[in-house]
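Residue-level structural notes
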Amino acid sequence: MQSLTLNHRSVEFPSQVLLQVENLRKSFTLHQQGGMQLSVLEGVSLTVNAGECIALSGASGTGKSTFMRCLYANYRVDSGSVWVKHEESWLDLCQLAPHEILAVRQKTMGYVSQFLRVIPRVPALDVAAEPLLELGVNIDIAYNKVKYLFRCLNLAERLWQLSPTTFSGGEKQRVNIARALVVDYPILLLDEPTSALDASNRQVVIELLQERKNQGCSLIGIFHDEEVRSQLCNRELIFNS
Ligand SMILES: Nc1ncnc2c1ncn2[C@@H]1O[C@H](COP(=O)(O)OP(=O)(O)OP(=O)(O)O)[C@@H](O)[C@H]1O
């Protein structure tokens, strides 16, 4: 067991745990509907160990994406905690200042969103290398790592120096995956990472993610694809309306 004190609270989790969600509650205020409160998460808890893959499952509209956004601290929660093992400390993401959240995102928690945000004129190589460069990694090392991932993901070499603005959905998705895998994050959040891919590229992504799992990375994701779920996931967290 590891015991640390932070934010006036002592937390203790077994050493294999990387993420601990406690009693998370999130509601939305619908301002356009007379300030009506929509309660989406009503006390969700989850423990994730190193090397585990958890699928967030359940019908449409039950709160899977909302939960993911809370895990990445995109949403302010009503109550509850998201404890993350960041370097050797336990931090509650729900209590952190913006610059501390940024540090967790840079080193500990990667996120593969469904859609790549692209900037015209920035080449795919730079888009994918950016998270490593922000960590101060030498540019040649960063480019080599991205090139390795692009090759694994069958992204045609003629595209590497082009901005992904005009790429197909599947090409953009592979750039996005390379961008998330370029850093060895201990935790990866995945929002339908293979939704735009054909079967052979999907299999490549499954294998790359399996490799990360074997190295001890925790994966938490929304995987509508049954093939991805069956090959990767150890457990499901089922959301109900
Ligand atoms: N920013 C928001 N403001 C108001 N309501 C929201 C907001 N985001 C989500 N909701 C509502 O919260 C509920 C859960 O949405 P969420 O996107 O988390 O579901 P989901 O399980 O991911 O659905 P799907 O599988 O269709 O993507 C829905 O009723 C949705 O309308």
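These numbers come from a predicted model, not from an experiment.

**Describing the UniProt feature "domain: ABC transporter" (unreviewed entry) in the protein chain**
Summarizing the sequence annotation, UniProt attributes the feature "domain: ABC transporter" (unreviewed entry) to residues 19-240 in the numbering used throughout. Secondary structure across residues 19-240 comprises 36% helix and 28% strand; the distance between its end C-alpha atoms is 22 Å.

**So, the sheet that holds strand β7 (residues 89-92)**
Spatially, four strands are ordered β4-β3-β6-β7 in an open sheet, and the strand pairing comes out antiparallel. This sheet does not close on itself; its edge strands, each paired only once, are β4 (36-49) and β7. Ignoring which end each strand starts from, the neighbouring axes of this sheet average 25° apart. Note: strand β3 (residues 17-30) against β4, eleven bridges, orientation antiparallel. Counterpart to Leu24 in the pairing with β4 is Val44. The strands touched by helix α1 (residues 64-71) are β3, β4 and β6 (79-86); relative to β3, the strand with the most contacts, the crossing angle is about 120°.

**Some details on the sheet that holds strand β9 (residues 187-191)**
Spatially, five strands are ordered β8-β9-β10-β5-β11 in an open sheet, and the strand pairing comes out parallel. What marks the edges here is a single partner per strand, and that holds for β8 (109-112) and β11 (235-239). Taking the axes of each pair of neighbouring strands and ignoring which way they run, one obtains an average angle of 20° across the sheet. Contacting β5 (53-58), β8, β9, β10 (218-222) and β11, α1 runs over the sheet at an angle of about 145° to β10.

**Considerations on the side chain of Glu192**
Within the secondary structure, Glu192 is located in the loop between β9 and α6 (199-214). A polar contact of 3.4 Å, which involves the side chain of Glu192, links it to the side chain of Gln114.

**Notes on the site of the ligand**
Taken together, 13 residues form the shell around the ligand, and within it Ser60, Gly61, Lys64, Ser65 and Thr66 come nearest. Thr62 places a main-chain nitrogen or oxygen 3.2 Å from an oxygen atom of the ligand. Between the ligand and Ser65, the relevant distance is 2.7 Å, taken from an oxygen atom to a side-chain nitrogen or oxygen of the residue. When the free accessible area of the ligand is taken as 640 Å², the share hidden by the protein chains comes to 62%. Mapped onto the shell around the ligand, the elements with two or more residues apiece are β3, β4 and α1. Per-element accounting of the shell around the ligand gives the leading share, three residues, to α1. Tallied by class, the residues present in the shell around the ligand amount to six nonpolar, six polar and one charged.

The rules we used
- Residues numbered from 1 in each chain as written.
- Predicted model: local features only at pLDDT ≥ 70, side-chain atom pairs only at ≥ 80, totals over all residues.
- Heavy atoms only, no water.
- UniProt positions renumbered as here; feature names shortened; annotations may be inferred.
- Helix = DSSP H or I, 4+ residues; strand = E, 2+ residues; numbered from the N terminus.
- Pairing = 2+ DSSP bridges.
- Axes fitted to C-alpha atoms, helices over the stretch in contact; angles between N-to-C directions.
- Contact = heavy atoms within 4.5 Å.
- Polar contact = N/O pair within 3.5 Å; in protein donor to acceptor, adjacent residues only side chain to side chain.
- Near = heavy atom within 4 Å.
- Areas by Shrake-Rupley, 256 points an atom, 1.4 Å probe, with all protein chains shown as cover.
- Nonpolar A, V, L, I, M, F, W, Y, C, P; charged D, E, K, R; others polar.

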